[in-house]
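Spelled out, the chains give:
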Amino acid sequence: MTKILITGALGQIGTALTTALNNKYGVQNVIISDIKEDFKSDNKYYKLNILDKTELERIIIEEKITIIYHLAALLSATGEKNPILCWDINMNGTLNILDLSVKHKLFRIFMPSSIAVWGQGINRDNTEQDSVLKPTTMYGVTKVAGEVLANYYFDKYQLDIRGIRYPGIISSETLPGGGTTDYAVEIFYEALKHKKYECFLSEDTMLPMMYMEDCIKATLDLMDAPVENLVHHADFNVAAISFTPKTLAEEIKKHIPEFEITYNPDYRQKIADSWPKSIDDSSARKEWNWNHSYDLAKLTATMINNLKNKV
Ligand SMILES: NC(=O)c1ccc[n+]([C@@H]2O[C@H](COP(=O)([O-])OP(=O)(O)OC[C@H]3O[C@@H](n4cnc5c(N)ncnc54)[C@H](O)[C@@H]3O)[C@@H](O)[C@H]2O)c1
């Protein structure tokens, strides 16, 4: 029987993934956890610091967990403010998951990577699956190390661990948790509330992005793929759309003509400049039939529609 544990479940991706997994497996089969307190959910909830290996093991045993979606992490911008904590949570948290998954013979693990794995020495246009990984942030360092560790556990212990290099994820349900692509969510709130937005990246900063529905579809599709079809495991390039703050603002103006954007790049500009503009995801398309459905126009219309009553 499938019994799922999600770590970092109260974050931007975890909240959407919980709903999708509830629909697929039933709410009683999806256990959620996070370091945050006071959460009301239909799912059984554990307050869990991912660094607490004893408590993590107790949950795995008591709940008879078979699959883990390991989302607990510090993201790029937050990680740059506290690099040692970023290393601790992202690496030691991951090691706890991997070690206990082998010990308790779990069926499958999902662990996201990120476009932050890249830095110097890449083609920024259509960055290849197997290109050089020289990140410039501590977050990127932990994501590269996480991918390498995951592949090591696959080879050494046959742990079926899978992962995607998520681009910037855009959603209307939960606010993003401190990443370099967060502007692409904030801009919608500010456009609806104040009809203006000061962007922390320059107008021509092109980055790969994806709407949450595509992100969840990619995650579930990869987890359902037959293992014999996979050449890659924890490091799939997955792309949807790429755009700049300027093109996003122009698209928003089609819905809110008074909207105005200004630019005041901060420390996150340097991070964004080290990342790809677009990604070659042909391996994901070939190995597990990945396909996205949201383009910029559909994403913008959906975000404005979802947020206009909420804001
Ligand atoms: N959102 C994006 O654009 C994006 C892009 C690339 C990769 N990712 C990856 O996807 C995963 C989920 O990201 P997200 O956007 O939902 O992040 P988020 O910051 O919104 O959520 C992460 C969650 O982890 C929890 N957490 C932090 N420290 C913890 C700890 N010590 N123990 C347990 N929980 C802890 C936080 O409370 C938070 O709810 C991460 O691995 C992230 O690196 C996200």
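Keep in mind that what you see is a predicted model, and the values were worked out from it rather than measured.

1. A closer look at the overall build of the protein
In step 1: When its secondary structure is counted, the protein shows 11 helices and 14 strands.
In step 2: Taking 311 residues into account, the globule formula puts the C-alpha radius of gyration at 19 Å, and the protein, at 19 Å, falls close to it.
In step 3: Its C-alpha atoms give the protein principal-axis dimensions of about 55 × 45 × 40 Å.
In step 4: Counting across all 311 residues of the protein, residues that qualify as buried make up 47%.
In step 5: Looking at the protein alone, contacts between residues at least 24 apart form 78% of all its contacts between residues at least 6 apart.

2. Remarks on the sheet that holds strand S7 (residues 161–162)
In step 1: Strands sit in the order S3-S2-S1-S4-S5-S7 across an open sheet of six strands; the sheet is parallel. Here the strands that pair on one side only, and so sit at the sheet edges, are strand S3 (45–47) and S7.
In step 2: Looking at chain direction, strand S1 (residues 4–7) and strand S2 (residues 30–34) are connected through three bridges and run parallel. Its bridge partner lying in S2, leucine 5 is registered against isoleucine 31.

3. Side note on helix H11 (residues 296–307)
In step 1: Helix length check: H11 (12 residues) gives 16 Å between terminal C-alpha atoms against 16 Å at 1.5 Å per residue, within 8%.
In step 2: Those residues of H11 not exposed but buried are Leu299, Thr300 and Met303. Across the axial projection of H11, the buried residues extend over an arc of 95 degrees, all falling on one side. Along H11, exposed side chains directed more than 90 degrees from the buried face belong to Ala297 and Asn305.
In step 3: Here the buried face of H11 lies against strand S9 (168–170), helix H6 (183–194), strand S11 (207–211) and helix H8 (245–253).

4. Considering the nonpolar core
Generally speaking, soluble globular proteins have nonpolar side chains that are buried together.
In step 1: One finds Ile4, Ile6, Ile68, Ile109, Ile170, Ile187 and Met209 to be the most contacted residues of the largest nonpolar core, which totals 90 residues.
In step 2: Domain assignment of the residues forming this core places at least three in each of domain 1 (4–168 + 210–237) and domain 2 (172–209 + 241–277 + 294–307).

5. Considerations on the sheet that holds S9
In step 1: Strand order in the open sheet formed by three strands is S9-S11-S13, with mixed pairing between adjacent strands. Every other strand in the sheet has two partners, leaving S9 and strand S13 (241–243) as the edge strands with one partner each. With direction set aside, neighbouring strand axes in the sheet form an average angle of 45 degrees.
In step 2: Pairing of S9 with S11 involves three bridges; the strand directions are parallel.

6. Thoughts on the site of the ligand
In step 1: Not every one of the 28 residues close to the ligand is listed here, only the nearest: Gly8, Gly11, Ala72, Tyr166 and Gly177.
In step 2: Those elements giving two or more residues to the shell around the ligand turn out to be helix H1 (12–25) and S9.
In step 3: Of the residues contributing to the shell around the ligand, the split by class is 15 nonpolar, 11 polar and two charged.
In step 4: Composition of the shell around the ligand by domain shows at least three residues from each of domain 1 (4–168 + 210–237) and domain 2 (172–209 + 241–277 + 294–307).

7. Focus: the domain arrangement of the protein
In step 1: Segmenting the protein into domains produces domain 1 (4–168 + 210–237) and domain 2 (172–209 + 241–277 + 294–307).
In step 2: On a C-alpha basis, the centres of domain 1 and domain 2 stand 25 Å from each other.
In step 3: Of all the secondary structure elements, the ones that give two or more residues to the side of domain 1 that touches domain 2 are H1, helix H3 (76–81), S11 and helix H7 (212–224).
In step 4: Across the side of domain 1 that touches domain 2, the residue classes break down as 10 nonpolar, 10 polar and five charged.

8. Re the pairing of strand S4 (residues 67–70)
In step 1: The two faces of S4 match: Ile67 and Tyr69 on one face and Ile68 and His70 on the other face are all buried.
In step 2: Across four bridges, S1 lies against S4 in parallel orientation. Across the sheet, leucine 5 pairs through a bridge with isoleucine 68, a residue of S4.

9. Side note on unusual backbone geometry
In step 1: Phi is positive for lysine 105, which is not a glycine, with a value near 50 degrees.
In step 2: With respect to the helices and strands, lysine 105 occurs in the loop between helix H4 (83–103) and strand S5 (108–110).
In step 3: Non-glycine residue lysine 195 carries a positive phi angle of around 60 degrees.
In step 4: Within the secondary structure layout, lysine 195 lies in the loop between H6 and strand S10 (196–199).

10. Some thoughts on the environment of phenylalanine 243
In step 1: Position of phenylalanine 243 relative to the elements: it lies in strand S13.
In step 2: The exposure class assigned to phenylalanine 243 is buried, which follows from the 23 C-beta atoms found within 10 Å.
In step 3: Contacts of phenylalanine 243, omitting those with residues within four sequence positions, involve Met206, Met209, Leu248 and Leu296.

11. With respect to H6
Along an α-helix, residues three or four positions apart point the same way, because every turn accommodates 3.6 residues.
In step 1: Of the positions making up H6, those classed as buried are Tyr183, Ala184, Val185, Ile187, Phe188 and Ala191.
In step 2: Contacts made by the buried residues of H6 are with S9, S10, S11, H8 and H11.
In step 3: Immediately beyond the C-terminal end of H6, within one or two residues, lies lysine 195, with a positive phi of roughly 60 degrees.

12. So, the pairing of S11
The side chains of a regular strand alternate, residue by residue, between the two faces of the sheet.
In step 1: Counting buried positions along S11 gives five out of five residues, so the element sits mostly inside the fold.
In step 2: Judged by which residues are buried, S11 turns out to be covered on both faces: Leu207, Met209 and Tyr211 on one side and Pro208 and Met210 on the other are all buried.
In step 3: Examined bridge by bridge, S11 and S13 share three bridges and lie antiparallel to one another. Bridge pairing in S13 links leucine 207 to phenylalanine 243.

Rules used in this analysis
- Residues numbered from 1 in each chain as written.
- Predicted model: local features only at pLDDT ≥ 70, side-chain atom pairs only at ≥ 80, totals over all residues.
- Helix = DSSP H or I, 4+ residues; strand = E, 2+ residues; numbered from the N terminus.
- Rg over C-alpha atoms; globule rule 2.2 N^0.38 Å.
- Buried ≥ 20, exposed ≤ 12 C-beta atoms within 10 Å, placed from the backbone.
- Contact = placed C-beta atoms within 7 Å.
- Pairing = 2+ DSSP bridges.
- Expected span 1.5 Å × (residues − 1).
- Arc of directions from axis to C-beta.
- Core = buried A, V, L, I, M, F, W, Y, C linked by C-beta atoms within 7 Å.
- Domains from an automatic or database assignment.
- Axes fitted to C-alpha atoms, helices over the stretch in contact; angles between N-to-C directions.
- Near = placed C-beta within 6 Å.
- Nonpolar A, V, L, I, M, F, W, Y, C, P; charged D, E, K, R; others polar.

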